[in-house]
Amino acid sequence: MFFYAPTMSVIRIKSELLKECSELVENRYQKIRTTIDSITEAMQEESKSSAGDKHETGRAMLQIDRENAGNQLREIEAVKLILRKIDINTVSDYVRLGSLVNTNQGYYFISISTGAIIHEKTTYYCVALQSPIGIQLAGKKEGDTFHFNNNEINIQSIE
């Protein structure tokens, strides 16, 4: 196993992809925060309402919504932690978090699962290590071949 410094163009591409991933996660984070704030406000308004079964049912439903939003917020915080661990300035001879992998089937940025991002007319698939394709790619080296979705995929380079 060895590590080396990538070229500036590779760093620029990785930086742009990481920025896109971060923006998508931050937007989702802000939406969830807004949802939680709205639910909290609704719960406070519900407390001012009259007592009774309708009041209790409404409050219970708001509580469930708040718990679900809280779970989503924790998941997003875990994704943000993964993003902070990505080192775009180091390249290794095997696929790992932060790798930009060129295959005969396309480019993969090992980061978080956000799907396709187009940068300078090239499509890059941002995938998590624990995603199905990420699991197949993890630890592979240049020249390795594997099968995924009935396709033979050859790793041409790792940056």
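Please refer to the structure placed before this passage.
Residues numbered from 1 in each chain as written. Predicted model: local features only at pLDDT ≥ 70, side-chain atom pairs only at ≥ 80, totals over all residues. Heavy atoms only, no water.

A.B. asks: Please explain the pattern of salt bridges as it appears in this structure.
C.D. replies: Inspection of the entire model under this criterion finds four salt bridges. With a closest N to O distance of 3.1 Å, Glu26 and Lys80 form a salt bridge. You can see Glu26 sitting in helix 1 (residues 8–48) and its partner Lys80 sitting in helix 2 (residues 53–85), a full 54 residues away along the chain. On the basis of relative accessible area, Glu26 is assigned to the partly exposed category, the value being 29%. Note that Asp37 and Arg33 form a salt bridge whose closest N and O atoms lie 3.8 Å from each other. Here Arg33 and Asp37 lie together in helix 1, a separation of four residues that amounts to about one turn. (Salt bridge = Lys/Arg side-chain N within 4 Å of Asp/Glu carboxyl O. Helix = DSSP H or I, 4+ residues; strand = E, 2+ residues; numbered from the N terminus. Buried < 20%, exposed > 50% of the residue type's maximum accessible area, 1.4 Å probe, protein only.)

A.B. asks: I tried to follow the sheet that holds strand 4 (residues 106–111) on my own but got confused; where do I start?
C.D. replies: Consider a sheet: its strands pair through backbone hydrogen bonds, and that pairing is either parallel or antiparallel. In space, the six strands of this open sheet follow the order 5-6-4-3-8-7, with mixed pairing throughout. Two strands lie at the open edges of the sheet, namely strand 5 (115–119) and strand 7 (145–148), each paired on one side alone. Here the average twist between neighbouring strands, direction ignored, is 40°. Where strand 7 meets strand 8 (residues 151–158), four bridges bridge the pair, whose relative direction is antiparallel. Within strand 8, the position partnered with Phe146 by the bridge is Ile153. (Pairing = 2+ DSSP bridges. Axes fitted to C-alpha atoms, helices over the stretch in contact; angles between N-to-C directions.)

A.B. asks: Is there a simple way to explain the pairing of strand 8 in this structure?
C.D. replies: Where a strand is regular, its side chains alternate between the two sheet faces. Looking at chain direction, strand 3 (residues 100–103) and strand 8 are connected through three bridges and run antiparallel. From the neighbouring strand, Asn102 faces strand 8, where its bridge partner is Ser157. Connecting the antiparallel pair strand 7 and strand 8 is a turn made up of two residues, with Asn149 showing a positive phi of about 50°.

A.B. asks: Help me understand the nonpolar core, please; the structure alone is not making it clear to me.
C.D. replies: With 22 residues, the main nonpolar core has Leu17, Leu83, Ile86 and Phe109 as its most contacted residues. Broken down by secondary-structure element, the contributors of at least two residues to this core are helix 1, helix 2 and strand 6 (122–128). Among the elements that take part in this core, helix 1 stands out by supplying nine residues, more than any other. Setting aside residues no more than four positions away along its own chain, Ile86 makes contact with Leu18, Leu97, Gly98, Phe109, Ile110 and Ser111. If you look at the next biggest cluster of nonpolar residues, it comprises 11 residues, including Tyr108, Leu137, Ile155 and Ile158. (Core = buried A, V, L, I, M, F, W, Y, C linked by side-chain atoms within 4.5 Å. Contact = heavy atoms within 4.5 Å.)

A.B. asks: Which parts of the structure should I look at to understand unusual backbone geometry?
C.D. replies: A negative phi angle characterises most non-glycine residues, just as the trans form characterises most peptide bonds. If you check the backbone angles, Asn149 has positive phi at about 50° while not being a glycine. Within the fold, Asn149 resides in the loop between strand 7 and strand 8. Judged by its relative accessible area of 59%, Asn149 falls in the exposed class. Even without a glycine there, the phi angle at Asn150 is positive, about 60°. Position of Asn150 among the secondary structure elements: in the loop between strand 7 and strand 8. Accessibility expressed as a relative area gives 84% for Asn150, which makes it exposed.

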